[in-house]
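Chain and residue survey
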Amino acid sequence: MLTLHLNLSICLKLRPLLRFIGTKTQIGLRNEKETIDEKPLPQLTESKLMEEMGTPKTGRPRIDPKGTSIVLFPGQGTQYVGMASRLMHFPEARRIFKLANEVLGYDLLKLCLEGPREKLNRTEYAQLAVMVSSLAALEQLREERPKAIESCVATAGFSLGEFTSLVFAGSLPFDKALKLVQVRANAMQVACDQIPGGMAMVLYGPDSNIGTACVKAQQWCVDKGIENPHCGVAIYMYPHCKVVAGNVEALEYLEKNSNAYKIRRIKRLPVNGAFHTPLMDSAVAPFIKALETIKLEDPLIHVYSNIDGKPYRNAAGIIRKLPKHIVRPVKWEQTLHEMYERKQDTNFPRTFECGSGKGLIGILEKVNAKAANSAFSVEA
C-alpha cells in the first residue's frame, strides 16, 4: 500500500512536499511526534507584518519583504483537458496524483490528461482536479525555487483554492481534504441539478447600477413564477468587475437589458450552477456533516479567508467560516488589498500562482500593479 506523509514543516526545510514512510498512511501537515506551538495566528495587519519582519520595536533583524513569498491557488473553472501533463516529470507530483487516485477510487490523473471535457467540467470532478493539480504544481515550485517555499509567509486560494491553501498551510490533512472537497462538490452538483443557475462576469463603469439590475432580474424571475429566485454578486474580482450569479432566467434578463443598466460587458462563465449564492443552500448540511469528522489544525502560515478577506486566527475560525463559503460571496478583491497593503516605498513579497492558468496574477495586476511586478506563474 502506498504510504504518504504530507508535511509543511518538512516542506519548509526544503524536503519534498510528499514523503513515503512506513506502512501506515499518514497524511497531514504535522507529524504526530512533532511538538508545535499551538498559539493562534495573529491578524496579519500591515503593522503586524512589519513587526514579524523585524522592526526597531522588536529588536530583531529586519527582513526585506522581497525575501518572502506568497502562494496563491486558483479555483474551479480553470480546469482543462491536458492539465497536469507538464508536471509529470516531477516524481512528487506524480505521487500526489497516485495517492489521490487511491483515496478517491478512480483515476483522476487520467481524467485531467485525457478528459472527456464534459466530465472534467462537472463540479464533482473539476474541483478535485483543480485542487490536486495545484498541489502538484507546488512540487514544481519546490524543485525549481525551494526558497519560495521556505520563505512563504501567507497563502490564499480563489474559491475552491482556499481548500488547497488550507492543505498547504497544515490545517487540512490531504486525504481528508480530498474527501471533504468530494462531498462539497457532489452536494453542489446536486444543488446545480435541482435549480438551473449560472454565473456571469460583469464589467461596468462608475455610472453602472449593478445592484438595481440584480434586483430587477430577481423580480423578473418572481413575475415568471419562479420560487425563491436569486440574483446577486457572487465574486468581487477587481475594480469595476464582479461575477453575478443566480437563476438562469435572471442572467438572461441581465444579458438582454445590459444597456439599460449601463453594463459594459457581460460574459457567461463555463459553470453549471450559481455558486456562492443561497441557491447552493442544500449543499451546506452535507458539507458540515463531513467537516465535523475532521480534526483541523491551526494554520502554520497565514491563510486568508474568502469570506471576509482576513487571515484565519485558528482552526475554530476555519470550522466556523468554511460552511458559509458555499453560499456567501467570494471577496477576492478585498483579500488582495489585505494581503498586499504596504506603506509607500515598501517592497512587496514575491507571489507564486500554483495551478492551472494565470488568472490570479492577471487580477492582481488590476488590484495592485506593483505587487504583480514580482508575481510568477507555476502552471499545472
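Quick notes on the rules
- Residues numbered from 1 in each chain as written.
- Predicted model: local features only at pLDDT ≥ 70, side-chain atom pairs only at ≥ 80, totals over all residues.
- Heavy atoms only, no water.
- UniProt positions renumbered as here; feature names shortened; annotations may be inferred.
- Helix = DSSP H or I, 4+ residues; strand = E, 2+ residues; numbered from the N terminus.
- Polar contact = N/O pair within 3.5 Å; in protein donor to acceptor, adjacent residues only side chain to side chain.
- Pairing = 2+ DSSP bridges.
- Contact = heavy atoms within 4.5 Å.
- Axes fitted to C-alpha atoms, helices over the stretch in contact; angles between N-to-C directions.
- Parallel < 35°, antiparallel > 145°, perpendicular 65-115°, else oblique.
- Left-handed = near helix turned anticlockwise from the far one by under 90°.
- Nonpolar A, V, L, I, M, F, W, Y, C, P; charged D, E, K, R; others polar.
- Salt bridge = Lys/Arg side-chain N within 4 Å of Asp/Glu carboxyl O.
- Buried < 20%, exposed > 50% of the residue type's maximum accessible area, 1.4 Å probe, protein only.
- Disulfide = S-S within 2.5 Å.
- Phe/Tyr/Trp six-rings, centres within 6.5 Å; stacked < 30°, edge-to-face > 60°.
- Lys NZ or Arg CZ within 6 Å of the ring centre and 35° of its normal.

- In the annotation of an unreviewed UniProt entry, the protein chain is listed under the name [acyl-carrier-protein] S-malonyltransferase and assigned to Glossina palpalis gambiensis.
- For the protein chain, the Subcellular location (unreviewed entry) comment in UniProt is given as "Mitochondrion".
- Under the heading Pathway (unreviewed entry), UniProt records this for the protein chain: "Lipid metabolism; fatty acid biosynthesis."

1. Considering the side chain of Thr68
- Structurally, the position occupied by Thr68 is in the loop between helix H2 (46-52) and strand E3 (69-73).
- Polar side-chain contacts of Thr68 include one of 2.7 Å to the backbone oxygen of Pro65.

2. Section: the sheet that holds strand E7 (residues 241-247)
- Spatially, the five strands line up as an open sheet ordered E8-E5-E7-E6-E10, and their pairing is mixed. Across the chains shown, the open sheet's two edge strands, defined by having one partner strand only, are strand E8 (263-268) and strand E10 (330-331).
- Inspection of the sheet shows strand E5 (residues 197-204) paired to E8 by five bridges, in the antiparallel sense. Within E8, the position partnered with Ala200 by the bridge is Arg268.
- Packing against the sheet, helix H11 (residues 248-256) makes contact with E5, strand E6 (231-238), E7 and E8, and its axis sits at approximately 135° to E7.

3. Thoughts on the packing of helix H6 (residues 123-144) against helix H9 (residues 174-194)
- In contact at an axis separation of 7 Å, H6 and H9 are set at 150° when each is read in the N-to-C sense. As judged from the angle between their axes, H6 and H9 are roughly antiparallel. Pair H6 / H9 crosses with right-handed handedness. Residue-level inspection shows Thr123, Glu124, Gln127, Leu128, Met131, Val132 and Leu135 of H6 in contact with H9, the latter providing Phe174, Ala177, Leu178, Val181, Gln182, Arg184, Ala185, Asn186, Met188 and Gln189.
- A class-by-class count of the residues in the contact of H6 with H9 yields 10 nonpolar, five polar and two charged.

4. Overview of the pattern of salt bridges
- Evaluation of the coordinates by the stated rule reveals 10 salt bridges.
- The closest approach of N and O atoms between Arg142 and Glu143, which form a salt bridge, is 2.4 Å.
- The exposure class assigned to Arg142 is buried, which follows from its relative accessible area of 8%.
- Connected through shared salt-bridge partners, Arg122, Glu124 and Asp193 make up one network.

5. Considerations on the state of the cysteines
- Tallied over the entire structure, the rule returns zero disulfides.
- Cys231 takes part in no disulfide bond, and the closest cysteine sulfur to it belongs to Cys214, at a distance of 3.9 Å.
- On the accessibility criterion, Cys231 (6% relative accessible area) is buried.

6. Here's the deal with the side chain of Asn247
- By secondary structure assignment, the location of Asn247 is in strand E7.
- A relative accessible area of 3% places Asn247 in the buried class.
- Look past the residues within four positions of Asn247 in its chain and what remains in contact with it is Ile195, Pro196, Gly197, Cys221, Ile226, Pro229, His230 and Leu279.

7. Description of the packing of aromatic side chains
- Going through the model one piece at a time under the given rule, you end up with seven aromatic pairs.
- Seen in terms of ring centroids, Phe163 and Phe287 are 6.0 Å apart; in terms of plane orientation they differ by 90°. Their pairing is edge-to-face. Taken together, the residues span a long stretch of sequence, with Phe163 in helix H8 (residues 161-168) and Phe287 in helix H12 (residues 284-291) at a distance of 124 residues. You'll find Phe163 and Phe287 in the same group, each marked buried.
- Considering the side-chain rings of Tyr253 and Tyr261, the 6.4 Å spacing of their centres and the 50° angle between planes classify their relative orientation as tilted. Tyr261 shares its class with Tyr253; the two are buried.
- Through a chain of ring-to-ring contacts, three or more aromatic side chains come together here, namely Trp220, Tyr253 and Tyr261.
- Against the face of Phe376 rests Arg145, its NZ or CZ located 4.6 Å from the ring centre.
- Lying over the aromatic face of Tyr238, Lys366 brings its terminal NZ or CZ to 5.2 Å of the ring centre.

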